[in-house]
Amino acid sequence: MYVQKANAPTRKPVTVPSLRAMKAEGRRIVMLTAYDASFAAQLEMAGVDVALVGDSLGMVVQGHASTLSVTLDQMVYHTGMVARGLHATLLVADLPFMADRDVPHALEAGARLVGEGGAAMVKIEGASPHILEAISALTERVIPVCSHLGLTPQSVHKFGGFRIQGRAQEAADALVAQAQAVEAAGASLLVLEGIPSTLGERITRAVSIPTIGIGAGPHCDGQVLVIHDMLGITPGKRPKFSKDFLAGRDSVAAAIAAYAEEVRSGAFPAPEHGFD
Ligand code: KIV
């Protein structure tokens, strides 16, 4: 039987202000996705700083080819399950596709993910004007926001596939400007996905909020992976930016602990996990 928080460890809870302190102190932030209470408990036991209920669940849990069919109800359902497995690990939940189409919808989605689901922060993709407005509206109503820039999966059709972003100088400059804009709008955390390592470093220096990379090189303030990728159970080819941490280890707990250790020491990501 799944045992709830009775056996919760005494680790100090990770908070939105403590993430900023970690950047200031040069302590790398360990983030990993989770979609249910049992895996959330594994993250908690391994001392992962931030759990993300990503809309990647549409792909790795539901078997879709993209994240676009995930609904707000499904996100609230999975967020609630993950919240019940956590104690000190900070919980971030994704606003699914079109939940951020305007400020009222973004506020409604944020309120449900925090109020019903138990998230401490919500993640929003992009930096177009209505997204900046939504970030401001959420943060003004005390819902902390994690921004997500670069290869934002909800833009898969606009990009023509899951393609690395920011390779050309102009595109790189635009992403730096977007990162500064989401910080100015009130974002507390910034996920950078699928960009050259040099650009990950440049953006990390250009903003004062912590950056979390996934295929964004070793210079971000932290790293995130999809748990199915880092356990080597995603069907098909392993994404270049990921690593199978279960290979050579005998448990999920050992794999997550190794991931946390390698992120904190800077051993992961290695150059082969990045893009030029
Ligand atoms: O949905 C997700 O899991 C994500 C991560 C890939 C950052 O957004």
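Asks: Looking at this model, I keep getting lost on the confidence of the model for the chain. Mind explaining?
Replies: Detail in the predicted coordinates should be disregarded across regions flagged by low pLDDT. In this model, the chain carries a mean pLDDT of 96, and residues with pLDDT of at least 70 account for 97%. Confidence scores differ between elements of the chain, with helix α3 (residues 57–60) showing the lowest mean pLDDT of 96 and strand β2 (residues 50–53) the highest of 99.

Asks: How should the layout of surface pockets be read in this particular structure?
Replies: In this approach, a probe sized like a water molecule rolls over the atoms, and the result shows the empty space that is left. Reported here for the largest pocket is a volume of approximately 610 Å³. Surrounding the largest pocket, 29 residues form its lining, M59, E193, V226, D229 and F241 being those nearest its centre. For the lining of the largest pocket, the elements supplying multiple residues, two or more each, are α3, β4 (121–125), β6 (189–193) and β8 (222–225). Tallied by class, residues from the lining of the largest pocket come to 15 nonpolar, seven polar and seven charged. Taken as a whole, the second largest pocket holds about 510 Å³ of empty space.

Asks: What is the right way to look at the pattern of salt bridges in this model?
Replies: It is possible for side chains bearing opposite charge to pair when their charged atoms get close. The final tally for this structure, using the stated rule, is ten salt bridges. A salt bridge links R27 to E25, with the nearest nitrogen and oxygen atoms 2.7 Å apart. Judged by relative accessible area, R27 falls into the partly exposed class, the value being 44%. Two residues, K123 and D94, come together in a salt bridge whose shortest N-O distance is 2.7 Å. Taken together, the positions of K123 in strand β4 and D94 in strand β3 (residues 90–94) put the pair 29 residues apart, joining distant regions of the chain. The residues K123 and D94 share a single accessibility class, namely buried.

Asks: What am I meant to see in the packing of aromatic side chains here?
Replies: Geometry of an aromatic ring pair is reported as the spacing of the ring centres plus the angle between the planes. Under the criterion given, the structure shown has three aromatic pairs. Geometrically, the ring pair formed by F245 and F268 is edge-to-face, given 5.4 Å between the ring centres and 80° between the ring planes. One end of the pair, F245, is in the loop between α10 (227–230) and α11 (252–265); the other, F268, is in the segment after α11, with 23 residues separating them in the sequence. Both residues of the pair, F245 and F268, belong to the buried class. Taken together, the aromatic side chains of F245, Y259 and F268 make up a single cluster linked through ring pairs. Positioned above the aromatic ring of F275, the side-chain terminus of K240 is 5.8 Å from the ring centre.

Asks: Help me understand the sheet that holds strand β7 (residues 211–214), please; the structure alone is not making it clear to me.
Replies: Either a parallel or an antiparallel arrangement is found when strands of a sheet pair, and the pairing is made through backbone hydrogen bonds. Strand order around the closed barrel formed by eight strands is β1-β2-β3-β4-β5-β6-β7-β8, with parallel pairing between neighbours. For this sheet, the mean inter-axis angle between neighbouring strands, taken without regard to orientation, is 25°. Both β4 and strand β5 (residues 145–150) contribute to a ladder of four bridges, which runs parallel. Paired with I124 across the two strands is S147, which belongs to β5. Packed on one face of the sheet, helix α8 (residues 169–185) meets β5 and β6 and runs near 175° to β5.

Asks: Would you mind going over the site of the ligand with me for this structure?
Replies: Lining the immediate surroundings of the ligand are T33, L52, G54, D55, S56, D94, K123, H148, V191, E193, I214 and V226. The separation between an oxygen atom of the ligand and a polar main-chain atom of D55 is 3.2 Å. S56 is positioned with one of its side-chain polar atoms (N or O) 2.5 Å from an oxygen atom of the ligand. Against a free-state accessible area of 260 Å², the protein chains account for coverage of 97% of the ligand. Under a 2 Å grid-point criterion requiring more than half of the atoms, the pocket assigned to the ligand is the largest pocket. Grouping the constituent residues of the shell around the ligand by class yields four nonpolar, four polar and four charged.

Asks: I keep staring at helix α5 (residues 103–115) and nothing clicks. Help me out?
Replies: Since one α-helical turn is 3.6 residues long, residues separated by three or four positions face the same way. Here α5 contains 13 residues, and its C-alpha end-to-end distance of 17 Å stays within 8% of the 18 Å for a straight helix at 1.5 Å per residue. Taken as a whole, α5 has its buried residues at V103, A106, L107, A109, G110, R112 and L113. Those residues of α5 that are buried lie in contact with α4 (72–85), β3, β4 and α6 (129–140).

What counts as what
- Residues numbered from 1 in each chain as written.
- Predicted model: local features only at pLDDT ≥ 70, side-chain atom pairs only at ≥ 80, totals over all residues.
- Heavy atoms only, no water.
- pLDDT = per-residue confidence, 0-100.
- Helix = DSSP H or I, 4+ residues; strand = E, 2+ residues; numbered from the N terminus.
- 1 Å grid on protein atoms, 1.4 Å probe; cavity = no way out; pocket = protein on both sides within 12 Å on 5 of 7 lines; lining within 4 Å.
- Points joined across faces, edges and corners; volume = space filled by probe spheres on them.
- Nonpolar A, V, L, I, M, F, W, Y, C, P; charged D, E, K, R; others polar.
- Salt bridge = Lys/Arg side-chain N within 4 Å of Asp/Glu carboxyl O.
- Buried < 20%, exposed > 50% of the residue type's maximum accessible area, 1.4 Å probe, protein only.
- Phe/Tyr/Trp six-rings, centres within 6.5 Å; stacked < 30°, edge-to-face > 60°.
- Lys NZ or Arg CZ within 6 Å of the ring centre and 35° of its normal.
- Pairing = 2+ DSSP bridges.
- Axes fitted to C-alpha atoms, helices over the stretch in contact; angles between N-to-C directions.
- Contact = heavy atoms within 4.5 Å.
- Near = heavy atom within 4 Å.
- Polar contact = N/O pair within 3.5 Å; in protein donor to acceptor, adjacent residues only side chain to side chain.
- Areas by Shrake-Rupley, 256 points an atom, 1.4 Å probe, with all protein chains shown as cover.
- Sits in = over half its atoms within 2 Å of the grid points.
- Expected span 1.5 Å × (residues − 1).

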